[in-house]
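As a plain string of letters, each chain reads:
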Amino acid sequence: MKVDLHTHTSASDGELSAASLIQRAEAAGIEMLAITDHDTVAAYSDNGKLMLKTGRLITGIEFSSQWKKTGVHIVGLNISLESDSIKEGVLHQSQARRDRAMRIAEKLEKLGIENVWKNVEAIAGDSVIGRPHFARFLVESGVCNSIRQAFSSYLGAGKTGDVKQFWAPYEKIITWVREAGGVAVLAHPEKYKLTRTKLSLLLDDFQDAGGEAMEVVSGKQSKDITEKLSRLCCQKNLLASVGSDFHQPGQSWSELGQTSALPGECKTVWGRWS
Ligand code: AMP
Ligand code: MN
Ligand code: MN
Ligand code: MN
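Residues numbered from 1 in each chain as written. Chains lettered and ligands numbered in written order. Predicted model: local features only at pLDDT ≥ 70, side-chain atom pairs only at ≥ 80, totals over all residues. Heavy atoms only, no water.

**Details of the pairing of strand E8 (residues 239-243)**
Then, in step 1: Most of E8 sits out of view: five of its five residues are buried.
Then, in step 2: Burial along E8 is two-sided: the face carrying Leu239, Ser241 and Gly243 and the face carrying Ala240 and Val242 are both buried.
Then, in step 3: Taken together, the five bridges between strand E7 (residues 213-218) and E8 define a ladder with parallel strand orientation. Each bridged residue has a counterpart across the sheet, and for Ala213 the counterpart in E8 is Leu239.
Then, in step 4: Between the parallel elements E7 and E8, the chain passes through helix H8 (residues 223-235) in a crossover that is right-handed. (Buried < 20%, exposed > 50% of the residue type's maximum accessible area, 1.4 Å probe, protein only. Helix = DSSP H or I, 4+ residues; strand = E, 2+ residues; numbered from the N terminus. Pairing = 2+ DSSP bridges. Right-handed = clockwise from strand over helix to strand, strands pointing away.)

Shown next, in the form of structure tokens:
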């Protein structure tokens with residue numbers, strides 16, 4: 001089955017509207033799709049009207065959080081959009097995003113970069129504000145040559161704009177997802193660059209807090225990574241998820257539905273609802 005359970009729209013930092021994303025998914029023959037914007041479910045606001053003709057649309061969100069000193073992302077799948085817990089979660093995180101963005105702007109302005117807040121707010125428009133909007137500003141204003149450089153010099157891990165102390169704790173996020181009837185999935189475990197031991201500890205803590213699944217496949221990844229993650233997933237008795245983390249057309253490593261194959265031994269998260 002062609003499944004993609006991690007994608008972004010222009011409601012957060014993706015390029016396409018929900019309708020265009022769905023059209024693209026249909027053209028790619030995707031049979032199960034989840035839109036998982038950063039800390040928002042606004043893409044589903046015309047709930048009931050969004051439909052995937054080639055299969056099933058699953059509700060979703062990607063929450064930002066932290067585990068110890070590491071920023072981690074938790075995807076909530078098959079959540080009730082009307083639940084109080086998701087409403088509370090989205091409200092909390094949108095305030096956190098705004099506070100964080102103002103703090104990032106302040107820090108960049110202290111470095112001598114001018115009018116950061118005003119411009120970034122305009123670039124973000126109705127989208128949930130995030131570091132990619134800062135990256136665009138840094139490129140558009142000539143401070144950086146590329147989005148990549150904006151992250152490596154100003155916004156990436158350990159840089160001025162890497163402010164993460166405002167997010168809700170991971171335990172809280174997992175509770176919101178579960179109370180909304182959903183499954184909490186640890187997103188792209190490989191991105192956190194943890195040692196094998198630390199990743200195992202993270203998965204144990206995640207599971208103790210009620211997390212039930214992990215992304216064994218995130219986009220196109222090496223065989224080594226797939227094998228390592230699928231082994232971990234089986235060992236921990238977690239469910240396996242698959243997602244491209246699609247943000248925009250033209251990125252070959254994260255095209256909609258174009259992911260590495262999930263090894264057969266994994267128990268799939270979509271087995272829960274299909
Ligand atoms: P935020 O949600 O505000 O913390 O921003 C994180 C988002 O920035 C990720 O979801 C990616 O879409 C994007 N991102 C992170 N690192 C990079 C990078 N090195 N180059 C381009 N985009 C990035
Ligand atoms: Mn993103
Ligand atoms: Mn993520
Ligand atoms: Mn994502």
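Now, onward.
**Re the sheet that holds E8**
Then, in step 1: Judged by pairing direction, the sheet is mixed, and its five strands sit side by side in the order E4-E5-E6-E7-E8 without closing on themselves. The two strands at the open ends of the sheet, each matched to only one other strand, are strand E4 (60-67) and E8. Each strand axis lies, on average, 35 degrees off the axis of its neighbour in the sheet, ignoring direction.
Then, in step 2: Bridge analysis of E4 against strand E5 (residues 70-77) gives eight bridges, and the strand direction is antiparallel. (Axes fitted to C-alpha atoms, helices over the stretch in contact; angles between N-to-C directions.)

**What to know about the side chain of Asp37**
Then, in step 1: Position of Asp37 relative to the elements: it lies in the loop between strand E2 (32-34) and strand E3 (56-58).
Then, in step 2: No salt bridge forms around the buried Asp37; measuring N to O, its nearest opposite-charge neighbour Arg97 is 9.5 Å away. (Lys, Arg positive; Asp, Glu negative; His and termini not counted. Salt bridge = Lys/Arg side-chain N within 4 Å of Asp/Glu carboxyl O.)

**Focus: the domain arrangement of the chain**
Then, in step 1: Its domain assignment divides the chain into domain 1 (3-82 + 169-272) and domain 2 (91-155).
Then, in step 2: With centres defined by C-alpha atoms, the gap from domain 1 to domain 2 works out at 25 Å.
Then, in step 3: The interface of domain 1 with domain 2 comprises 11 residues on the first partner and seven residues on the second.
Then, in step 4: Summed over both partners, the interface of domain 1 with domain 2 comes to about 690 Å²; 52% of that surface belongs to carbon and sulfur atoms.
Then, in step 5: On the domain 1 side of the contact with domain 2, Asp13, Asp39 and Trp176 bury the most area, a combined 47% of that side's loss.
Then, in step 6: Viewed at the interface, domain 2 and domain 1 are joined by one salt bridge.
Then, in step 7: For Arg97, the salt bridge is made with Asp39, and the minimal N-O distance between the two is 2.9 Å.
Then, in step 8: Applying the counting criterion to the domain 1 and domain 2 interface returns six residue pairs in polar contact (both at pLDDT 80 or more).
Then, in step 9: Counting residues per element, the ones that place at least two in the side of domain 1 that touches domain 2 are E4 and helix H6 (170-179).
Then, in step 10: Looking at the side of domain 1 that touches domain 2 residue by residue, the class counts come to four nonpolar, five polar and two charged. (Domains from an automatic or database assignment. Contact = heavy atoms within 4.5 Å. Buried area = accessible area lost by both parts, 1.4 Å probe. Polar contact = N/O pair within 3.5 Å; in protein donor to acceptor, adjacent residues only side chain to side chain. Nonpolar A, V, L, I, M, F, W, Y, C, P; charged D, E, K, R; others polar.)

**Considerations on the coordination of the manganese ion (ligand 2)**
When a metal holds four donors in a tetrahedron, each ideal angle between them is 109.5 degrees; when it holds six in an octahedron, the ideal angles are 90 or 180 degrees.
Then, in step 1: The manganese ion (ligand 2) binds to the protein through Asp13 (OD), His38 (NE2) and His247 (NE2); the donor distances cover 2.1 to 2.2 Å.
Then, in step 2: Donor residues for the manganese ion (ligand 2), ordered by position in the chain, follow D-x24-H-x208-H.
Then, in step 3: Taken as an interatomic distance, the gap from the manganese ion (ligand 2) to the manganese ion (ligand 3) is 5.8 Å. Within this pair, whereas Asp13 is found in the loop between strand E1 (3-4) and helix H1 (18-27), its partner His38 is found in the loop between E2 and E3, the two being separated by 25 residues in sequence. The pair formed by Asp13 and His38 is uniform in burial state, with each residue classed as buried. (Donors = N, O, S within 2.8 Å, 3.2 Å for Na, K, Ca; no water.)

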